[in-house]
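Take a look at the letters that make up each chain.
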Amino acid sequence: MDETNKRDTSSEIEPTPEETPDFDLLEESLEVGDTSASPVQPKSACEELPEDIDTSAAQEKGTEQMSGFSLGKEIFEWVQAIVVAIVIAMAIRTFVFTLVNVDGQSMEPTLHDRDRLVVTRLAYTPEKGDIIIFRPDCDPDRPYVKRVIAMPGETIDINPETGDVSVNGEILDEPYIKERIRTFGTVSFPAVVPENHVFVMGDNRNHSKDSRSQDVGMVSYESIIGKANFRFWPFSDWGTLYENESAGAE
């Protein structure tokens, strides 16, 4: 009797939810998840980072490396920009225009010592009356500034008595000169200007070494640097060099 009661009593006891795992739910969750992944294992104490490890040093080092890289890149970009600017400036000076400083009195009263001029170079062909910058064969390292008086094929002559200058038999009207010629140089007149050459003189005729001298002679096109167009110094004389001039008789 006692044994029966004991069996009946034990058969009436049902396991509580806490004691019986939900195997169906566990199996379903495993099926939904990534079956290829291995079960997550809890980290052991040795795998955890110690609390006393300081990662700020590594972060600062990374920041320093990035700062150094940015500074180097900025310096490189500045150097590159400067080099490009220099190349452009040299190209402009070589092919477009250049700046020159007048040294001497041979072009007075038009130009004066220490005047600074803008000289155009691009596709320049000399014309009568132009003020040009050229390198004479006798002194190629020192550019000269003179005025074109006669063109290729023209006959230039200077009257030894009056100092008048004539081209192809016509006396030039020259309001730009300082005074009439009293010095005639070492060239025989009349003279014919060769092809691709010009005859030049300074406006200060009696204090100018120019085509009247055999040392300078006729100026070749190849030796011409360019045409002086504009004076930018001194500021009191700022402006073009030709607005009030006449090139003379054609």
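Residues numbered from 1 in each chain as written. Predicted model: local features only at pLDDT ≥ 70, side-chain atom pairs only at ≥ 80, totals over all residues. Heavy atoms only, no water.

Asks: What exactly am I supposed to notice about the pairing of strand 11 (residues 224–233) here?
Replies: Side-chain positions along a regular strand alternate between the two faces of the sheet. Here 5 bridges tie strand 2 (residues 116–120) to strand 11, and the two strands are oriented antiparallel to one another. Within strand 11, the residue paired with Val-118 across the bridge is Phe-230. Pairing analysis gives 3 bridges linking strand 3 (residues 131–134) to strand 11, with the strands arranged antiparallel. The residue bridging Ile-133 from the neighbouring strand is Gly-226, located in strand 11. The hairpin formed by strand 11 and strand 12 (residues 239–240) contains 5 residues between the paired strands. (Pairing = 2+ DSSP bridges. Helix = DSSP H or I, 4+ residues; strand = E, 2+ residues; numbered from the N terminus.)

Asks: How do you make sense of the packing of aromatic side chains when you look at a structure like this?
Replies: Centre distance and the angle of the planes are the two values used to describe a pair of aromatic rings. Tallied over the full model, the rule gives 5 aromatic pairs. A centroid spacing of 5.8 Å and a plane angle of 65 degrees characterise the contact between Phe-134 and Tyr-144, whose relative ring orientation is edge-to-face. Within this pair, whereas Phe-134 is found in strand 3, its partner Tyr-144 is found in strand 4 (residues 144–150), the two being separated by 10 residues in sequence. Taking the relative accessible area as the measure of exposure, Phe-134 reaches 0% and is therefore buried. Residue Tyr-144 is classed as buried on the basis of its relative accessible area, which comes to 12%. (Phe/Tyr/Trp six-rings, centres within 6.5 Å; stacked < 30°, edge-to-face > 60°. Buried < 20%, exposed > 50% of the residue type's maximum accessible area, 1.4 Å probe, protein only.)

Asks: Even after reading the chapter, I still don't get the nonpolar core, so can you show me in this structure?
Replies: Burial of nonpolar side chains together is a common tendency in soluble globular proteins. Counting residues in hydrophobic clusters, the biggest one holds 14 residues, and the most contacted among them are Ile-149, Ala-150, Ile-156, Val-165, Val-167, Phe-199 and Met-201. At the level of secondary structure, the elements contributing two or more residues to this core comprise strand 4, strand 5 (155–158), strand 6 (165–167) and strand 9 (197–201). Residues contacting Ile-156, with those up to four places away along its chain left out, are Ile-149, Ala-150, Val-165, Ser-166, Val-167, Phe-189, Pro-190, Ala-191 and Phe-199. Counting 12 residues, the second-largest nonpolar core is a separate cluster that includes Leu-111, Val-119, Ile-133 and Val-145. (Core = buried A, V, L, I, M, F, W, Y, C linked by side-chain atoms within 4.5 Å. Contact = heavy atoms within 4.5 Å.)

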